[in-house]
Amino acid sequence: MTGGVVVVGAGLAGATAATTLRELGFDGPITLIGAEPVLPYERPGLSKGYLAGSTDADDLRVHGPEVYERFGIDVRLGAEAVALDAEARRVSLADGTTLSYDDVVIATGGVNRRPPLPGMERRGVHQLRTIAEASSLRSAASSARTAVIVGQGFVGCEVAATVRSLGLDVTMVDPLPGPLWSLGAELSARVAQWHADAGVRLRNDVGVASLDGGPAVTSVTLTDGAVLPADLVVVGVGARPATDWVSGVELVDGAVAVDADGRSSAPHVWAIGDAAAAWDEQTGSHRRVEHFDSAIVQGQRVAHALVGAPSPPGGRSWFWTDQHGHTLMHAGVHGADDVVVWRGDSVVFWVRDGEVTAVAGIDAGRDFRRAMKLIGTRPATADLQDDALDLRTVPAG
Ligand code: FAD
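No experiment lies behind these values; they were computed from the predicted model shown. (Residues numbered from 1 in each chain as written. Predicted model: local features only at pLDDT ≥ 70, side-chain atom pairs only at ≥ 80, totals over all residues. Heavy atoms only, no water.)

Peer 1: Kindly report on the sheet that holds strand β19 (residues 255-258), identifying the contributing residues and their values.
Peer 2: Strand order in the open sheet formed by four strands is β18-β19-β21-β22, and the pairing between neighbours is mixed. Each of the sheet's edge strands pairs with one partner strand only, and the pair in question is β18 (251-252) and β22 (285-287). Two strands pair when backbone bridges link them, and β19 and strand β21 (residues 276-280) are joined in this way by three bridges, in the parallel orientation. Within β21, the residue paired with Val256 across the bridge is Ala276. (Pairing = 2+ DSSP bridges. Helix = DSSP H or I, 4+ residues; strand = E, 2+ residues; numbered from the N terminus.)

Peer 1: I'd love a proper account of helix α1 (residues 12-23), names of residues and values included.
Peer 2: When the terminal C-alpha atoms of α1 are compared, their 16 Å separation across 12 residues agrees well with the 16 Å that a helix rising 1.5 Å per residue should span. In terms of burial, α1 is largely enclosed, as 11 of its 12 residues are buried. The secondary structure elements touched by the buried residues of α1 are β1 (5-8), β2 (30-34), α4 (65-70), β3 (73-77) and α8 (292-307). Two residues or fewer after α1 comes Gly25, characterised by a positive phi angle close to 95 degrees. (Expected span 1.5 Å × (residues − 1). Buried < 20%, exposed > 50% of the residue type's maximum accessible area, 1.4 Å probe, protein only. Contact = heavy atoms within 4.5 Å.)

Peer 1: Can you break down the site of the ligand residue by residue, with the values?
Peer 2: In the vicinity of the ligand lie 33 residues, with Ala13, Glu36, Arg43, Lys48 and Asp274 positioned nearest. Taking Phe292, its main chain carries an N or O atom lying 3.1 Å from an oxygen atom of the ligand. Relative to its unbound accessible surface of 1,000 Å², the ligand loses 93% to contact with the protein. Those elements that provide at least two residues to the shell around the ligand are α1, β2, α6 (154-165), α8 and β23 (318-323). Here the shell around the ligand is composed, by residue class, of 17 nonpolar, eight polar and eight charged. (Near = heavy atom within 4 Å. Polar contact = N/O pair within 3.5 Å; in protein donor to acceptor, adjacent residues only side chain to side chain. Areas by Shrake-Rupley, 256 points an atom, 1.4 Å probe, with all protein chains shown as cover. Nonpolar A, V, L, I, M, F, W, Y, C, P; charged D, E, K, R; others polar.)

Peer 1: Before we move on, could you go through the packing of α1 against α8 and cite the residues and values that matter?
Peer 2: For the pair α1 and α8, the least separation of the axes is 8 Å and the interaxial angle reads 35 degrees. Considering only the axes of α1 and α8, their crossing is right-handed. For the pair formed by α1 and α8, the contact residues are Leu12, Ala13, Thr16, Ala17, Thr20 and Leu21 on the first element and Phe292, Ala295, Ile296, Gly299, Gln300, Val302, Ala303, His304, Leu306 and Val307 on the second. Of the residues in the contact of α1 with α8, the class split is 11 nonpolar, five polar and no charged. (Axes fitted to C-alpha atoms, helices over the stretch in contact; angles between N-to-C directions. Left-handed = near helix turned anticlockwise from the far one by under 90°.)

Peer 1: Can you break down the environment of Thr108 residue by residue, with the values?
Peer 2: With respect to the element layout, Thr108 can be found in the loop between β7 (103-106) and β8 (110-112). When the C-alpha positions of Thr108 and Gly34 are compared, they lie 8.3 Å apart, and in sequence the two are 74 residues distant. Excluding residues within four positions of it along the chain, Thr108 makes contact with Val8, Gly9, Ala242, Trp245 and Ala275. Among the polar contacts made by the side chain of Thr108, one reaches the main-chain carbonyl oxygen of Ala242 at a distance of 2.7 Å.

Peer 1: So what's going on with the environment of Thr377? Which residues, and what values?
Peer 2: With respect to the element layout, Thr377 can be found in the loop between α9 (365-372) and α10 (381-385). By relative accessible area, which is 16% here, Thr377 ends up buried. For Thr377 and Val356, which are 21 residues apart along the polypeptide, the C-alpha to C-alpha distance reads 5.8 Å. Non-local contacts of Thr377, meaning those with residues more than four positions away in its chain, are made with Gly354, Glu355, Val356 and Ala396. For Thr377, the side chain forms a polar contact with the main-chain oxygen of Leu374, separated by 2.6 Å.

Peer 1: So what's going on with the pattern of salt bridges? Residues and values would help.
Peer 2: Under the defined criterion, the tally for this structure stands at 18 salt bridges. Here Asp85 and Arg90 are joined by a salt bridge, their closest N and O atoms 4.0 Å apart. Take Arg90: its relative accessible area is 36%, and that puts it in the partly exposed class. Salt-bridge contacts for Arg352 lead to Asp338; the nearest nitrogen and oxygen are separated by 2.8 Å. Remark: Asp338 occurs in the loop between β24 (326-332) and β25 (339-343) and Arg352 occurs in strand β26 (residues 347-352); sequence separation between them is 14 residues. Each of the salt bridges in this network shares a partner with another, and the network as a whole consists of Arg370, Asp390 and Arg392. (Salt bridge = Lys/Arg side-chain N within 4 Å of Asp/Glu carboxyl O.)

Peer 1: Can you tell me about the side chain of Arg122, naming the residues and giving the values?
Peer 2: Summarising the element assignment, Arg122 is placed in the loop between β8 and β9 (125-126). Glu121 is the oppositely charged side chain nearest to the buried, salt-bridge-free Arg122, at an N-O distance of 4.6 Å. Dropping the residues within four chain positions of it, Arg122 is found in contact with Leu211, Asp212, Gly213, Gly214, Pro215, Ala216 and Val217. (Lys, Arg positive; Asp, Glu negative; His and termini not counted.)

In structure tokens, the structure reads:
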């Protein structure tokens, strides 16, 4: 074969894999296929600075065009993969082209879930994943007055905070008891307070029945009968892996099951980023992690594995979210029954049977980074709680 490496999905993970391959000295052909018409960009800014109008599209790029040119990476934009033939080692594109590969890296990210709500098609109803959707939401927000955000996950919470900062009247709705509920009741309560302090109304333990109006949305009806006026609705209810085009490899809940280096069940097929469920030592399971840092780390690891280089030292995966001027950072995996230990009011540890399983920091980047190193150790609870003790000196137990 002479097809080299074909990376399908020109997002953060795909771009990282492609450029890292060259940095490691890979000299075969590299093709980067992207369905969107633009160079790979970083999505976190879409719900923050880009939506607020303080960041422009070029600032979001993973690399400028000169980097792909210098590295001799054949970037094909506006090109959608529609089928994978893992036996014949071929990827088919929507325009009828077929690409042969020595190895293929699946990096197609996620697709927003679209709930079957009456009225989803009305003007003024938005979802957010791509820069095109962010541009259209930004323009709609500039003339809207009243927004309803459906879903209090990361994207919903960040969009609520940003459009509130633009002066809109904002209500967020979720059937769960609080925002970012997956992080546990304690952190959820803190985030709920940020929103309340900023004047965002929270409606919890209630669903959305319909998005009402004429051609344009004018209100949202909740399952308890309440009617919320809205000239802007943003539906952020999670995403599924963009793997409809993939066959012949093992999937876990739609994501490509891979080892820690991105290797799938099929020879020469690899997967990274939001489209992959990588083997996770901490939980002993395949876990799909939809975060910025994992996309980079997995992109780097797959490139190392492809050239036969030892895996780079893996840091622990973590993420952040920015809302109302606050930054929340989190690492590790905690269960609902883990004991929550606060260190002052800015660092949280989750502990199971004496072992730290996860940590979070609230506006506390330095302490968070130090606390991360305690995951997997068994320190004394009193030491974790002692905010006078330097976290670097906490005995691991
Ligand atoms: P993506 O960035 O989604 O890239 C996948 C690319 O593949 C896309 O360009 C897509 O168009 C393309 N593609 C899909 N199907 C095909 C196909 N069949 N053929 C060709 N190309 C295809 N994470 C954090 O840690 N912190 C944050 O604050 C944060 N904020 C976020 C805010 C928003 C609004 C969003 C949407 C995500 C945010 N994330 C955040 C998550 C983070 O951006 C993702 O985890 C990361 O982008 C995943 O990278 P990826 O390369 O796997 O996927």
